[in-house]
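Fold and contact review
Now for the letters of each chain:
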Amino acid sequence: MQRFYEVMFIVRPGVQDEDLDKLIASFEATVTNGGGAVRSTEKLGRRKLAYLVRKFSEGNYVLLTIDADGALVSELERRLRVTEQVIKFITVRMDEEQKRLDKIKAIRATRRKVSSEPAAAAPLAEAPEAPAEHAQASA
Amino acid sequence: MSDETTQKAPAASGPRSAGPGAGAPASGPAGAPGGRKFFRRKKVCKFCTEKIDAISYRDVNLLKQFVAERGKIVPRRLTGVCTTHQRRLTRAIKQARNIALLPFAVKY
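Residues numbered from 1 in each chain as written. Chains lettered and ligands numbered in written order. Predicted model: local features only at pLDDT ≥ 70, side-chain atom pairs only at ≥ 80, totals over all residues. Heavy atoms only, no water.

1. A look at the pattern of salt bridges
Short version of the rule: Any carboxyl oxygen of Asp or Glu within 4 Å of a side-chain nitrogen of Lys or Arg constitutes a salt bridge here. Starting at the N terminus, helices and strands are each numbered in turn, a helix being any DSSP run of H or I of at least four residues and a strand any DSSP run of E of at least two. Note on classification: 1.4 Å probe, protein chains only; a residue is buried when its accessible area is under 20% of the maximum for its type, exposed when over 50%, partly exposed between these limits.
Scanning all chains against the criterion turns up 14 salt bridges over all chains. A:Arg39 is the salt-bridge partner of A:Asp67, the closest N and O atoms lying 3.1 Å from each other. Here A:Arg39 lies in strand β2 (residues 37-53) and A:Asp67 lies in strand β3 (residues 56-68), a separation of 28 residues in the sequence. Note on A:Asp67: relative accessible area 18%, which makes it buried. For B:Lys46, the salt bridge goes to B:Glu50, with nearest N and O atoms at 3.5 Å.

What follows is the structure in structure tokens.
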């Protein structure tokens, strides 16, 4: 069963750019070879860590967005754990969240149509009301 | 109009019933002692009003607003976030802590 995940990992600050690219390419290869698909890869750059991780106070953040199944994710996590340069990683399942967001979007879209309709209908509704007010004032 | 009066009533009775203990941390715009005449602005959920649907663990600047100086998650009663969004916010903050975007605790 294919699901949509975000895998974020931190690479040691001392790693060169070429090595980092190679590292990312190898993880992408594991995903594609395992029957998954890479949606996007993003290098978020060097960031200061909020706390010390393996005595490092800085790290290169990388974000992988993938379509994968459970077995592939556990394989990728195993590889991340084994790889020396990776000091920390997190996998977050995003498909349920995405489903929820799409639902909200759809609801918003339908609501907007409803709200635009009364605005158009309002001038028509006002016209018959005006005589009624006059009637009240005279009575 | 009717909304305003119903909002004012709990705000006026709040500090009196809450006492000095609860009054101190909740000092928002009107935190004066014995300020039962003060109109305390009703807190609204930031995520509901600004229509922020997705609370991502990557959005550090957003999450930082709901984390205290020492790194604690600020409770709902102080920030005014609604239950649903507080739950999602909590999850996002905990994920962000896990990947070292936010601290678990700040050392002094």
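2. Focus: the interface of chain B and chain A
Quick note on the threshold: We call two residues in contact whenever any of their non-hydrogen atoms come within 4.5 Å of each other. Here the quantity called buried area is the accessible surface, traced with a 1.4 Å probe, that two parts lose on coming together, added over both. Polar contacts here mean pairs of N or O atoms no more than 3.5 Å apart (in protein, one a potential hydrogen donor and the other a potential acceptor; neighbouring residues in sequence count only if both atoms are side-chain atoms). The classification used treats Ala, Val, Leu, Ile, Met, Phe, Trp, Tyr, Cys and Pro as nonpolar, Asp, Glu, Lys and Arg as charged, and all other residues, Gly among them, as polar.
In this assembly, 17 residues from chain B lie in contact with 21 residues from chain A. Both faces combined, the contact of chain B with chain A buries some 1,600 Å², and carbon together with sulfur accounts for 58% of it. Connecting chain B to chain A are two salt bridges. Note that B:Asp53 is salt-bridged to A:Arg108, the shortest N-O span being 3.3 Å. Run the count over chain B and chain A and you get 10 residue pairs in polar contact (both at pLDDT 80 or more). By residue class, the composition of the side of chain B that touches chain A is 10 nonpolar, two polar and five charged.

3. Some details on helix α5 (residues 83-98) of chain B
One full turn of an α-helix is made of 3.6 residues, so residues set three or four places apart face in the same direction. What counts, and what does not: One fewer than the residue count of a helix, multiplied by 1.5 Å, yields its expected span.
In this model, α5(B) (16 residues) spans 23 Å end to end at C-alpha, consistent with the 22 Å of a helix rising 1.5 Å per residue. Among all positions in α5(B), only B:His85, B:Gln86, B:Leu89, B:Thr90, B:Ala92, B:Ile93, B:Ala96 and B:Arg97 are buried. Of the surrounding secondary structure, the elements contacted by the buried residues of α5(B) are β2 of chain A together with α2 (46-49), α3 (60-64) and α4 (76-79) of chain B. One or two residues past the end of α5(B) sits B:Ala100, with phi positive at roughly 65°.

4. Notes on unusual backbone geometry
Although it is not a glycine, A:Arg54 adopts a positive phi angle of roughly 50°. In this fold, A:Arg54 is placed in the loop between β2 and β3. Look at B:Ala100: it is not a glycine, yet its phi comes out positive at around 65°. Relative to the helices and strands, B:Ala100 is located in the segment after α5.

5. Let's talk about the environment of A:Val15
Residues and elements named next belong to chain A. With respect to the helices and strands, Val15 occurs in the loop between β1 (3-11) and α1 (17-33). For Val15, a relative accessible area of 15% puts it in the buried group. For the pair formed by Val15 and Gln85, sequence separation is 70 residues and the distance between their alpha carbons is 7.5 Å. Not counting residues within four places of it along the chain, the set of residues in contact with Val15 comprises Leu20, Asn60 and Gln85.

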